[in-house]
Amino acid sequence: MLNTANLSLEQAPPISIPLRFFLTAPLFGIAAALMMIWYGPEVMTSRWSPQTLALTHLLTLGFLALVMTGALLQILPVLAGIAVPRVVLVGNLVHPLLTVGTLGLVAGFLLGSTAWLKLAVVALGAGFAIYILAAAVALWRVELPNNTVAGMRMALLALAVTVLLGLSLGAGFAGWDTLIYPALYTNVHLTWGMLGWVMLLLIGVSFQVVPMFQVTPEYPKWIRSWLPRLLLVGLAIWTMLYVAAVNKPELASWSLVWLTIILVGYIAFAVITLRLQQQRRRKITDVTLMFWRIGITTIPISFLIWGIGRLFPTAMEQVDLDLLLGVCMIFGVAIPLLNGMLYKIVPFLSWFHLQNRQLATMCMTVQIPNMKQFLPDRSSKRQFWVYLLALVVTLLSVFAPALLVRPAGVLLALSFVLLGHNLLQVALRYREVSGELSEAVADGQEG
Amino acid sequence: MARITDTMAGDHRRCDLLFAEAEASVSDSNWDAGTAQFNEFHSAMEHHFSMEEGVLFPTFEEASGMTMGPTQMMRVEHTQMRQLFSDMAQAVEKQDRDAYLGLSETLMMIMQQHNMKEEQMLYPMTDRTFGGGADEVIEKMNAV
Ligand code: HEM
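Residues numbered from 1 in each chain as written. Chains lettered and ligands numbered in written order. Predicted model: local features only at pLDDT ≥ 70, side-chain atom pairs only at ≥ 80, totals over all residues. Heavy atoms only, no water.

Examining the overall build of chain B
From N to C terminus, chain B includes five helices and zero strands. Taken from the N to the C terminus, the helices and strands of chain B come in the order α-α-α-α-α. Compactness check: chain B gives a C-alpha radius of gyration of 16 Å against a globular reference of 15 Å for 144 residues, within 12% of the reference. Principal-axis analysis of the C-alpha atoms places the extent of chain B at approximately 50 × 25 × 20 Å. A total of 144 residues make up chain B; the buried ones form 56% of that total. Total accessible area computed for chain B in this model is approximately 5,600 Å², and 50% of it derives from carbon and sulfur atoms. Side chains of chain B carry 10 positive and 25 negative charges; the gap between the two charge centres is 4 Å. (Helix = DSSP H or I, 4+ residues; strand = E, 2+ residues; numbered from the N terminus. Rg over C-alpha atoms; globule rule 2.2 N^0.38 Å. Buried < 20%, exposed > 50% of the residue type's maximum accessible area, 1.4 Å probe, protein only. Areas by Shrake-Rupley, 256 points an atom, 1.4 Å probe, with all protein chains shown as cover. Lys, Arg positive; Asp, Glu negative; His and termini not counted. Charge placed at Lys NZ, Arg CZ, Asp CG, Glu CD.)

Next up, the structure:
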């Protein structure tokens, strides 16, 4: 009995692997919020200040990358039907390397220390190399790739581009010779990070999870098979135009027009997703859906503001459009989507592993809590409202940094503390019930 | 070439709709409708499991020689879901809304990840293994 019952877990890593990514990530969110409180308006006024770069990477690497890599190690077997090779080893290596690397990068920026930056480049380089290699082996082994797998492959390519550029930029800061012009490649780096990696992964995964979990119609077939490809090729063409514009300034406006065209593709995805969600047959509104609605709605709104502002520069002269877009993408799109996902995945994994063990040992005396007993709606909804308030104040702080960056920081800190607290409660409950199970099994064997 | 995949995925979607209706009624504390809809959903699921455990899995195991592979994993997950069904049936009986909704949320997660594995991996494997014989297997399943 024991062997067979554990089969369904065989492909998935032990729960401690994803959990450590998920429990560390909110700590980086808290650190980012504390930076906003400590440094105040500085972090929102110049794109290039070391504080801004440190804050950006606390969120993109510390929160987004940790959650997304941890989640992928877990859900690849489910979404793609294939296990990540050596998943325990990969998790054991990637988690500390990304954590230490992110801390090193942030320390390097803030202290202006090349030693820290060198450490960061080595650790992040190694961590991402291992992760990308393992995920690539799994994704390219899939024999009958569906649209989700195709989207995930493209997202992984985009991550590789992002990381290679990030490493070159970081190596430049660390005093190692790299050959490229920082300002130019920074924009390429962050575009591949946000529009490439984050958005392509979102799109690929949505094709599968939105219809299934919310019981909606499927995405239109042409969107599923063409959109991710077109976006990836579109980003590659934009990159060439953008880089070529260094020597041929007349190309600069073309690269801008082209980027705007690509944004239409993302807007189409968001609009279709919202339409599908309106047609969903599963009627109850849960907190994950509330987070997803915010995240998906922010995509068209922020892209439209940015596109209009770029194409008609006189209309919005006083606003720093790039900063506004960056804040929207990180705080308004990526963070809520992942926050919502965590509230499904962490309670589910806890239940799944425990119930599986219960069946394997036939130990029915211990009651396994269901997902909502692991995480009551009350707690997750409370965090949602705090997050929403934090988002609004953070967006407003772009317009009034002197007044609002610190209050935004306080609210964000609270939101990440509550998120971390909620996830930790689930993990502790898991440990408690797991202990009860072990005890009951031991008793059973004695008796 | 995707006869089994299409047929069985279609049945998954049918069960999803029944699930959603029952959940909505219970969420409104409409127990008359909710009880009937839960029962309908429950029997649709049991029927689906019987088609798999009674026909599809054994036929596939015989044809492919894989008895401890994916089909075994799917059976284990059926057991996990069956335990949730029986807990949900109790919640319906006691008209315990919160218990039902916590269980239905949990069921939805395991059910969908289970469906994904089947639709991504197992059903396409059966289609490839059976080839032209798929129609015959479907007929046998329809007789369940
Ligand atoms: C190996 C990992 C990474 C390293 C070493 C790295 C390094 C860097 C460096 C050195 C810069 C500053 C460039 C300059 O000022 O000229 C930068 C900018 C930026 N990076 Fe990364 N990065 C990494 C990963 C990422 C990822 C995964 C994302 C997002 C998904 C990201 C998003 C950004 C953004 C948005 C900026 C611009 C910040 C601003 O304009 O203030 N980075 N990165």
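Structural notes on the nonpolar core
Ranked by internal contacts, the top residues of the largest apolar core, which has 185 residues, are F63 and Y266 of chain A together with F41 and L107 of chain B. By residue number, the principal contributor to this core is helix α13 (residues 321–361) of chain A, which donates 23 residues. Leaving out residues up to four positions away in the same chain, F63 of chain A has contacts with A25, P26, F28, L58, I335, L338, L342, F416 and L419 of chain A. (Core = buried A, V, L, I, M, F, W, Y, C linked by side-chain atoms within 4.5 Å. Contact = heavy atoms within 4.5 Å.)

Quick notes on the packing of aromatic side chains
All names here are of chain A. Taken as a whole and assessed by the stated rule, the structure comprises 16 aromatic pairs over all chains. Geometrically, the ring pair formed by F291 and F384 is edge-to-face, given 5.0 Å between the ring centres and 85° between the ring planes. Within this pair, whereas F291 is found in helix α12 (residues 287–311), its partner F384 is found in helix α15 (residues 377–399), the two being separated by 93 residues in sequence. Each member of the pair, F291 as well as F384, is classed as buried. Grouping aromatic residues by their ring pairs yields a cluster made of F291, Y343, F384, W385 and Y387. Taking NZ or CZ as reference, R229 lies 4.8 Å from the ring centre of W226, over its face. (Phe/Tyr/Trp six-rings, centres within 6.5 Å; stacked < 30°, edge-to-face > 60°. Lys NZ or Arg CZ within 6 Å of the ring centre and 35° of its normal.)

Looking at helix α6 (residues 87–111) of chain A
Across its 25 residues, α6 of chain A extends 35 Å between first and last C-alpha, which sits within 8% of the 36 Å expected from 1.5 Å per residue. Count one or two residues on from α6 of chain A and you reach G112 of chain A, which has phi positive near 60°. (Expected span 1.5 Å × (residues − 1).)

Here's the deal with the confidence of the model for chain B
Residue-level pLDDT values for chain B average 92, and 99% of them are 70 or greater. Taken together, the chains of this predicted complex give a pTM of 0.92 and an interface ipTM of 0.88. (pLDDT = per-residue confidence, 0-100.)

Re a nonpolar patch on the surface
All names here are of chain A. On the surface, W254, V257, I261, L304, I308, L311 and F312 cluster together into a nonpolar patch covering about 690 Å² of accessible area. Counting residues per element, the ones that place at least two in the nonpolar patch are α11 (251–278) and α12. Taking the relative accessible area as the measure of exposure, W254 reaches 54% and is therefore exposed. (Patch = residues over 30% accessible without salt bridge, like charges linked within 9 Å, V, L, I, M, F, W, Y side chains within 5 Å. Salt bridge = Lys/Arg side-chain N within 4 Å of Asp/Glu carboxyl O.)

Some points on α13 of chain A
All names here are of chain A. Compared with the 60 Å implied by 1.5 Å per residue over 41 residues, the 58 Å span of α13 between its first and last C-alpha is a close match. At I335, α13 shows its strongest bend, of approximately 30°, with the proline P336 following within four residues. Of all 41 residues in α13, 37 are buried, a share of seventy percent or more. N-capping of α13 is provided by D320, with a side-chain oxygen placed 3.3 Å from the backbone N of D322. Trailing α13 by a residue or two, M362 shows a phi angle of about 55°, which is positive. (Bend = angle between axes of the 7 residues up to and from the residue. Polar contact = N/O pair within 3.5 Å; in protein donor to acceptor, adjacent residues only side chain to side chain.)

Examining the site of the ligand
All names here are of chain A. Within the structure, the ligand sits among 25 residues, and R47, H57, G166, T186 and H189 are positioned closest to it. The separation between an oxygen atom of the ligand and a polar side-chain atom of T186 is 2.8 Å. One nitrogen or oxygen atom from the side chain of H189 is found 2.7 Å from a nitrogen atom belonging to the ligand. Those elements giving two or more residues to the shell around the ligand turn out to be α5 (50–79), α7 (114–141), α8 (147–173) and α9 (182–214). Of the residues in the shell around the ligand, the class split is 14 nonpolar, ten polar and one charged. (Near = heavy atom within 4 Å. Nonpolar A, V, L, I, M, F, W, Y, C, P; charged D, E, K, R; others polar.)

Here's the deal with a negative patch on the surface
A cluster of acidic side chains, namely E432, E436, E439 and D443 of chain A, defines a negative patch on the protein surface. Within the secondary structure layout, E439 of chain A lies in helix α16 (residues 401–446).

Remarks on the packing of helix α2 (residues 31–64) of chain B against helix α3 (residues 70–94) of chain B
All names here are of chain B. At their nearest, the axes of α2 and α3 sit 11 Å apart, and the two run at 165° to each other. On the basis of their axis angle, the class for α2 and α3 is roughly antiparallel. The hand of the α2/α3 crossing is left-handed. (Axes fitted to C-alpha atoms, helices over the stretch in contact; angles between N-to-C directions. Parallel < 35°, antiparallel > 145°, perpendicular 65-115°, else oblique. Left-handed = near helix turned anticlockwise from the far one by under 90°.)

A short note on the interface of chain A and chain B
At the junction of the two partners, chain A supplies 34 residues and chain B supplies 38 residues. Approximately 3,300 Å² of surface area, both sides summed, lies buried where chain A meets chain B, with 67% of it carried by carbon and sulfur atoms. Here R282 of chain A makes a salt bridge to E23 of chain B, at a shortest N to O gap of 2.7 Å. Of all the secondary structure elements, the ones that give two or more residues to the side of chain A that touches chain B are α1 (2–5), α2 (7–10), α5, α9, α13 and α14 (371–374) of chain A. (Buried area = accessible area lost by both parts, 1.4 Å probe.)

Observations concerning the pattern of salt bridges
Note that side chains of opposite charge can pair when their charged atoms are close. Applying the stated rule across the entire model yields 16 salt bridges over all chains. Each of R282, D286 and K344 of chain A together with E23 and E105 of chain B takes part in one network of salt bridges that share partners.

Quick notes on the packing of α5 of chain A against α8 of chain A
Residues and elements named next belong to chain A. Put simply, α5 and α8 touch, their axes get as near as 13 Å, and they point 150° apart. Comparing the axis directions of α5 and α8 gives the class roughly antiparallel. Crossing geometry of α5 relative to α8 is assigned as left-handed. Between α5 and α8, the residues in contact are L53, L72, L76 and L79 and T148, M152 and F173, respectively. Its residues placed into classes, the contact of α5 with α8 shows six nonpolar, one polar and no charged.

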